[in-house]
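Next come the chains, spelled out residue by residue.
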Amino acid sequence: MTMRLYNTLTKSIENFSPIAPDGTVTFYSCGPTVYDDAHIGNFRSFLNADILRRALQLHGFRVKHVMNITDVGHMTEDDAADGGGEDKMAVAGRRIAEAKKSGKLPAGAEIDATDPYAIASFYADRFLEDARHLGLQVAIEERTHPELMPRPTRCVPQMIALVEQLIARGHAYVAKDGVVYFSVESFSAYGRLSGNTLDKLREGEGGRISAQHQAVKRHPADFMLWKPDPTHLMRWPSPWGEGYPGWHLECSAMARMLLGDEIDLHSGGEDNIFPHHECEVAQSCCASGRPAFARMWFHTRHLQVEGEKMSKSKGNFFTARDLFAKGVTPAALRLELVRTHYRTNSNFTLQGLRDCQRMIDRWASARTSLAARSAGTGAGPFQRALIEFKEALADDLNVARAIAALNTAIAEDASGDPIAELAALDAMNSVLGVFERNEALQSAAADDLATKVEALLERRRAARAAKDWAESDRVRDELTALGVRIKDGPQGTTWERAV
RNA sequence: GGCCGCGUACCCAAGUGGCCUAAGGGAACGGAUUGCAAAUCCGUGAUUCGUGGGUUCAAAUCCCACCGCGGCCUCCA
């Protein structure tokens, strides 16, 4: 079965086949910048890349997946050219210093707010923790293969080498202000990925590129590769003076270092298309002399929350850990973030999170009864569903259709060889990745709640034994008020936090 | 201002010319179960696909207009 995927570069759905004859897929994903906790919108993008990677694996490919963790403090107003504004790490540092003062520092954050490396490392660790909870396979692999999640601060020599090569080939120049710029006019395919060709850029709204740098550049869209700045927070020696790299440079350098000059797949959020990925293409192609950098570009559309753009001011802004702290299982969050096709704007809702949890619980109980079954031969509903599941994923990653296939199997009567049926269900889960993370995360608050709940359940058990229904119902109301939902079963009462 | 995408039941969401009197999940409702609930199981659910035109033997699917929402062009996943 051939995987078909939408390629941003050609704006069409194409058959996927890797460059390497042995079928190994080279896949680079733009990861987070670690100056704050990743929010659920970030994770929608990262998880869709993860689903793609797992779907490829289900289809028999070996995947070498790299995702960077950007620990350089790029500028808050860093536009295509200039590197203006404030360093993000400095902003994060100030935020941490303020939090320290007001005693609202996140747990375990004994960090020096003036040390950008400490800030980056603090948030990188938190990102990896969240990512592993959510089943981001590359983050799980990172434990044994740290090179799969490279940090730009450790790859500066490779970036410098790339800039030197671009200068040598006539694609970059040192301007009068000492800054090294990429010359967009030297790359005729500039604009092909995003549609922002040079003539259109000139026609566009424009006026955003600050005038002070324009004078020294050959073309207004020329973007910075290296900026000498002896006062910058993070800086490295270079042939152009002590300074820092441009923000597009890292991905080109690291993809090349780890995956080669030409790669199969490159992913990111839709906002990365321009300027970030456009500039990456230009840098990589011009450095390698090849016509292509990534053969296929995979972009995930943005997430909305309760029908609105997510923003801190609207109060609809969630990080993964915010939700985990409320008792949301990583499995439910994972499913809610990937169940909508990656090329449509998805709408994250609390109701949707509950829907996902119920679906996963039903799958899990189906798995339990399947594992307990011994009789049956041949193909049953799950083996049939797996075929449809794989076809749906091969169809430009149609996750919703794949999930429907699984749901349909669950509604059918149990039949077929139980071992093969279980294997089929687990194969589907190898992409969905929910069974192994369907438990709420532990925390001090959760432990505290558990103690209270256990005491109340004991009171209720006693009341029920005495047929004191009034007392029993009173206790149940108390539990409900605590946000707890109870389930009475033959083996006694279980409970969970209602989300 | 330029470029682009979307609008399917109460909610999420698949389907992009005939197998669609529209998949799947949740909610709701009815039943089984329960001390009563919750959970679970069974059943019910859009003659209709933002609105108005058009093309076609045939449209949710193609075209046009309008309304609404969103994205990129600028740091952002």
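Everything numeric here is computed off the predicted structure, so don't read it as measured data.

(A) Just the packing of aromatic side chains, in detail. The tally for this structure, following the rule as stated, stands at 11 aromatic pairs. Summarising the aromatic geometry, the rings of F122 and Y123 are spaced 4.9 Å apart at their centres and angled 70° between planes, so their arrangement reads as edge-to-face. In this pair, the class of F122 matches that of Y123, namely buried. Within the aromatic cluster, the residues linked to one another by ring pairs are F43, F46 and F127.

(B) Up close: the pattern of salt bridges. Per the stated rule, a full pass over the model turns up 31 salt bridges. For R321, the salt bridge goes to E129, with nearest N and O atoms at 3.1 Å. Residue R321 is found in helix α10 (residues 320–325), and its partner E129 is found in helix α3 (residues 116–133); the two are separated by 192 residues along the sequence. A salt bridge links E471 to R459; its shortest N-O distance comes to 3.3 Å.

(C) Broad picture of the sheet that holds strand β4 (residues 62–67). The parallel open sheet is built from four strands, whose spatial order is β4-β3-β11-β12. In this open sheet, the two edge strands, each paired with only one partner strand, are β4 and β12 (294–300). This sheet shows a mean twist of 20° between the axes of neighbouring strands, independent of strand direction. As defined by bridge partners, strand β11 (residues 263–269) adjoins β12 across six bridges and the pair is classed as parallel. Across the sheet, residue G269 finds its bridge partner in β12, namely T300.

(D) Here's a closer look at the environment of A414. Checked against the element boundaries, A414 lands in the loop between α14 (399–411) and α15 (418–432). Taking the C-alpha atoms as reference points, A414 and A366, separated by 48 residues in sequence, lie 9.6 Å from one another.

(E) Examining the sheet that holds strand β9 (residues 223–228) more closely. Across the sheet, which stays open at both edges, the four strands sit in the order β7-β8-β9-β10 with antiparallel pairing between neighbours. Unpaired on one side and paired on the other, β7 (172–174) and β10 (243–245) mark the two borders of the sheet. Within the sheet, the average angular offset between the axes of one strand and its neighbour, ignoring direction, is 20°. Pairing analysis gives three bridges linking strand β8 (residues 180–182) to β9, with the strands arranged antiparallel. The residue of β9 that forms the bridge with Y181 is M224.

(F) Quick peek at helix α8 (residues 249–259). Burial within α8 is extensive, with nine of its 11 residues counted as buried. Among all positions of α8, only L249, E250, C251, S252, A253, M254, A255, L258 and L259 are buried.

(G) Layout of the nonpolar core. If you look at the biggest cluster of nonpolar residues, it comprises 138 residues, and the most contacted ones within it are I40, F43, F127, L333, F348, W363 and F382. Of the residues forming this core, the biggest block, 10 residues, is contributed by helix α1 (residues 40–58). Shared between two domains, this core takes at least three residues from each, and those domains are domain 1 (4–300) and domain 2 (304–437). In contact with I40, other than residues within four places in its own chain, are L303, V305, M310, F318, T319, A320, L323, L333, L337 and F348. Listed in part, the eight residues of the second largest apolar core include V453, L456, L479 and I486.

(H) Representation of the pairing of strand β2 (residues 12–15). Sheet analysis places strand β1 (residues 4–7) next to β2, joined by four bridges and oriented antiparallel. Looking at the pairing, R4 lines up with N15 of β2. The turn joining β1 and β2, which pair antiparallel and follow one another in sequence, is formed by four residues; a positive phi near 55° is taken by K11.

(I) A look at the confidence of the model for chain A. In the predicted model, chain A carries a mean pLDDT of 88, and 93% of its residues have values of at least 70. When mean pLDDT is compared element by element in chain A, helix α4 (residues 137–141) scores highest at 97, while strand β5 (residues 75–77) scores lowest at 53. In the predicted structure, residues 77–82 sits below a pLDDT of 50 and forms 25 contacts with residues beyond four places in sequence or in another chain.

(J) A look at the side chain of R54. Relative to the elements of secondary structure, R54 occurs in helix α1. Residue class for R54 comes out buried when judged on its relative accessible area of 4%. Beyond its immediate sequence surroundings of up to four residues, R54 is in contact with G135, Q137, R334, N429, S430, V431, G433 and R437.

(K) Broad picture of the pairing of β9. Taking burial as the measure, the six residues of β9 include five buried ones, the bulk of the element. Summarising the sheet, β9 and β10 pair through three bridges and their orientation is antiparallel. Residue pairing in the sheet places P228 in a bridge with G243 of β10.

(L) The arrangement of α1 in detail. With 19 residues, α1 should reach 27 Å at 1.5 Å per residue; the first-to-last C-alpha distance of 26 Å fits that figure. The buried fraction of α1 is high, at 17 of 19 residues. G60 sits one or two residues past α1 and shows a positive phi near 100°.

(M) Structural view of the environment of I486. Tracing the chain through its elements places I486 in strand β16 (residues 484–489). Considering only alpha carbons, one finds I486 and H266, 220 residues apart in sequence, at a separation of 45 Å. In this structure I486 touches L457, R460, R476, L479, T493, T494 and W495, once residues within four positions along its chain are discounted.

(N) Region of the structure containing the state of the cysteines. Applying the stated criterion across every chain yields a total of zero disulfides. Left unpaired, C279 is separated from the closest cysteine sulfur, that of C286, by 11 Å. Among the residues examined, C279 registers a relative accessible area of 0% and is labelled buried.

What counts as what
Residues numbered from 1 in each chain as written. Chains lettered and ligands numbered in written order. Predicted model: local features only at pLDDT ≥ 70, side-chain atom pairs only at ≥ 80, totals over all residues. Heavy atoms only, no water. Phe/Tyr/Trp six-rings, centres within 6.5 Å; stacked < 30°, edge-to-face > 60°. Buried < 20%, exposed > 50% of the residue type's maximum accessible area, 1.4 Å probe, protein only. Salt bridge = Lys/Arg side-chain N within 4 Å of Asp/Glu carboxyl O. Helix = DSSP H or I, 4+ residues; strand = E, 2+ residues; numbered from the N terminus. Pairing = 2+ DSSP bridges. Axes fitted to C-alpha atoms, helices over the stretch in contact; angles between N-to-C directions. Core = buried A, V, L, I, M, F, W, Y, C linked by side-chain atoms within 4.5 Å. Domains from an automatic or database assignment. Contact = heavy atoms within 4.5 Å. pLDDT = per-residue confidence, 0-100. Expected span 1.5 Å × (residues − 1). Disulfide = S-S within 2.5 Å.

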